[in-house]
Amino acid sequence: MNQESDECIIRLALQGIETPAFDIQSSVRERRRTHLRRIPWHNTRRIVLAAVAAALLTVTATAVLQLSGAWQAMFGDRVLLPAHLPISLHQSLSQNGYTLTLEDAIISDTDAALILTLRRADGQRMEDVPQFGQNELLIEGTDAMNGSSMTIRPEEDGSVAYLYQEYELTENPRGRELTLSMGTAAIEGEQHSTLQAGALDGMYRAQPVEQAAEPDIMSDEMDLFAGQRDSAPALPNGAEKGCRLAGVGFFGGALQVVFELDDSRRSDSSYCESVEVTHLTDTRSGQVYRADSTSGSGAGEHMTVYSTAFEGLSARDLPYLEAEITYRMQTPITQQPWTFRFQARGVNSWVIRDGIAAQLAGAQVQVDELSVSPLSIRISGSGAIDSDWINQLEDDDVYLTLRDGTSIKTHCGMSALSGDAQGGSMRFDLSFDYQDPEGGKRFLDIVREVASVTVGGVTIKQ
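Residues numbered from 1 in each chain as written. Predicted model: local features only at pLDDT ≥ 70, side-chain atom pairs only at ≥ 80, totals over all residues. Heavy atoms only, no water.

Peer 1: Looking at this structure, I do not really get the overall build of the protein chain. What am I missing?
Peer 2: Secondary structure summary: the protein chain contains six helices and 31 strands in total. In the protein chain, which comprises 462 residues, the share counted as buried stands at 52%. Considering only contacts within the protein chain whose residues lie at least 6 apart along the sequence, 68% involve residues at least 24 apart. Surface accessibility of the protein chain: about 19600 Å² in total, with carbon and sulfur atoms responsible for 45%. (Helix = DSSP H or I, 4+ residues; strand = E, 2+ residues; numbered from the N terminus. Buried < 20%, exposed > 50% of the residue type's maximum accessible area, 1.4 Å probe, protein only. Contact = heavy atoms within 4.5 Å. Areas by Shrake-Rupley, 256 points an atom, 1.4 Å probe, with all protein chains shown as cover.)

Peer 1: What is the right way to look at the pairing of strand S12 (residues 177–182) in this model?
Peer 2: Remember that side chains alternate between the two faces of the sheet whenever the strand is regular. With respect to burial, S12 is a largely interior element, five of its six residues being buried. As paired strands, strand S8 (residues 135–139) and S12 are joined by five bridges and run antiparallel to one another. Note that in S12 the partner of Ile 139 across the bridge is Leu 178. Looking at chain direction, S12 and strand S22 (residues 338–343) are connected through six bridges and run antiparallel. (Pairing = 2+ DSSP bridges.)

Peer 1: Help me understand the packing of aromatic side chains, please; the structure alone is not making it clear to me.
Peer 2: The description of an aromatic ring pair uses the distance of the two centres, along with the angle that the planes make with each other. According to the stated counting rule, one finds four aromatic pairs in the structure shown. Ring centres 6.1 Å apart and planes at 90 degrees place the aromatic pair Phe 225 and Phe 251 in the edge-to-face group. Pair noted here: Phe 225 is in the loop between helix H5 (218–224) and strand S15 (243–251) and Phe 251 is in strand S15, with a separation of 26 residues, a long-range link. Judged on exposure class, the residue Phe 225 and its partner Phe 251 are both buried. Relative to Phe 428, the ring of Trp 389 lies with its centre 5.2 Å away and its plane at 45 degrees, an arrangement referred to as tilted. (Phe/Tyr/Trp six-rings, centres within 6.5 Å; stacked < 30°, edge-to-face > 60°.)

Peer 1: Teacher, can you tell me more about the pattern of salt bridges here?
Peer 2: When their charged atoms lie close together, side chains carrying opposite charge are able to pair. Applying the stated criterion across every chain, the model contains 17 salt bridges. Measuring nitrogen to oxygen at the nearest pair gives 2.9 Å for the salt bridge that ties Asp 201 to Arg 205. Placement of the pair is Asp 201 and Arg 205 together in helix H4 (residues 199–206), with a separation of four residues, close to one helical turn. Between Glu 449 and Arg 442 there is a salt bridge, and its shortest N-O distance comes to 4.0 Å. Three or more residues joined by partner-sharing salt bridges are found here, namely Asp 111, Glu 168 and Arg 378. (Salt bridge = Lys/Arg side-chain N within 4 Å of Asp/Glu carboxyl O.)

Peer 1: Would you take a moment to explain the sheet that holds strand S18 (residues 288–290) for this structure?
Peer 2: Note on sheets: strands pair through backbone hydrogen bonds, and any given pair is parallel or antiparallel. One open sheet accounts for five strands, arranged S7-S13-S21-S17-S18; its pairing is antiparallel. Strands with a single pairing partner mark the edges of an open sheet, and in this sheet they are strand S7 (131–132) and S18.

Peer 1: What should I look at first to understand the side chain of Thr 117 in this one?
Peer 2: Within the fold, Thr 117 resides in strand S6 (residues 111–120). At 3.1 Å, the side chain of Thr 117 and the side chain of Arg 119 are in polar contact. Apart from the residues lying within four places of it in its own chain, the contact partners of Thr 117 are Ala 70, Thr 99, Leu 100, Thr 101, Glu 103, Val 160, Ala 161 and Tyr 162. (Polar contact = N/O pair within 3.5 Å; in protein donor to acceptor, adjacent residues only side chain to side chain.)

Peer 1: Looking at this structure, I do not really get the sheet that holds S12. What am I missing?
Peer 2: A sheet is described by the order of its strands in space; here four strands give the open sequence S9-S8-S12-S22, paired in antiparallel fashion. Only two strands of the sheet have a single neighbouring strand rather than two, namely strand S9 (142–143) and S22.

Peer 1: Please clarify how the pairing of strand S21 (residues 321–332) should be interpreted in this entry.
Peer 2: Bridge analysis of strand S13 (residues 185–195) against S21 gives 10 bridges, and the strand direction is antiparallel. Bridged to Ala 186 within S21 is Pro 332. Of the strand pairs in this sheet, strand S17 (residues 271–282) and S21 are connected by 10 bridges, and their pairing is antiparallel. If you follow Cys 272 over to S21, its bridge partner there is Met 329.

Peer 1: What am I meant to see in the confidence of the model for the protein chain here?
Peer 2: Low pLDDT means the predicted coordinates in that region are not meant to be read closely. Considering every residue of the protein chain, the mean pLDDT works out to 79; 80% of them sit at 70 or more. Here strand S3 (residues 48–50) is the element of the protein chain with the lowest mean pLDDT, 28, and S18 is the one with the highest, 96. A low-confidence stretch, residues 1–66 stays under pLDDT 50, and its non-local contacts, those more than four residues away or across chains, total 165 contacts. (pLDDT = per-residue confidence, 0-100.)

Peer 1: Mind showing me how you'd approach unusual backbone geometry here?
Peer 2: Negative phi characterises most residues that are not glycine, and trans characterises most peptide bonds. Although it is not a glycine, His 90 sits at a positive phi angle of roughly 55 degrees. Within the secondary structure layout, His 90 lies in strand S4 (residues 86–95).

In structure tokens:
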């Protein structure tokens, strides 16, 4: 096969193909219960982001013959993927009329990618695509996962759903047994109720809470609302969902409405996964205020706190604000977790731990560890940065140069910050997905293809 000629033909063909739309779900739900810093859902300018950018990949004809059709269904018909990277597994489990199959895996020294399919056992259409609870990847029974993300894409006819998951590993899995444990499957839905005007104001007036900055620790924030508890109005249908209004206050000029949710209700046949105020309506003018951000954090063994923030409002507006509350509900369709075991045949990653001083997004940072794997580039370090720093990263801040001289751009797909921004330094963990010329993600053979990596203007040769 003439590789250069074939790649040109493939790329010309790809120009006329649209990348399919994907539903993206972060699998950080369970981690919200243990993190002290709040974890945001909607606002990318807060502390943690979680996302996998699913797009069109490129693959050799040989790989198509060796793998299941899930890669093509997930990422497009012309998938280019080095043939030796994936392991074909094809392990299936069934319960309650659903069959989950672990199709293929890519395992490197530092991370892993798994692709699965979900079908109804009778072959009929799934009206709603089920979501999965906590998922873990273990190495010989020990937690091997430092972070993960999940993409779910239903087929157009609804008969099958494709799941693509990536994991950052805490230790080298090569030659060892891996265990994938998926939580129970459930159908997601929403329920809505309205809190009448005056309810938020009554709670706030019982003990006004207003601070220039938002506390970093959720428990500190909840202590500020202690005097409001007795004045909290009953939520419409809230009690049956294990939810109650916990606080109303202003932090940094933004109104925050806080809820407490009892997680022990997760064993119910239908339970509330999360709660937020989706919008506020000013009954004087009819003006609607959409939520600026929503975040969640653990507040005890069976309690999660959810906070919704709104800009452009003051205490004078509270008596006239009607709140639309949205409960995200889960209805389980299976009762047991799904467990798959397989042997890891790892491929090489390139890890650098020498320490690199670089300029990233206009800030001087220290990179403590950099790993280049077939899936992505992962960078961890520290610097004088704030929570908005991640949004300033450009696609050409981190890139690879291949042995043939080709430059491969990247895009920051998953990131996390920790520490105190006001203290002048924060730690960061970043993951950069490889992009093809059309902006889609691609996989690489690190040993055979990659010559060097450039981070913030500093180039390191392999």
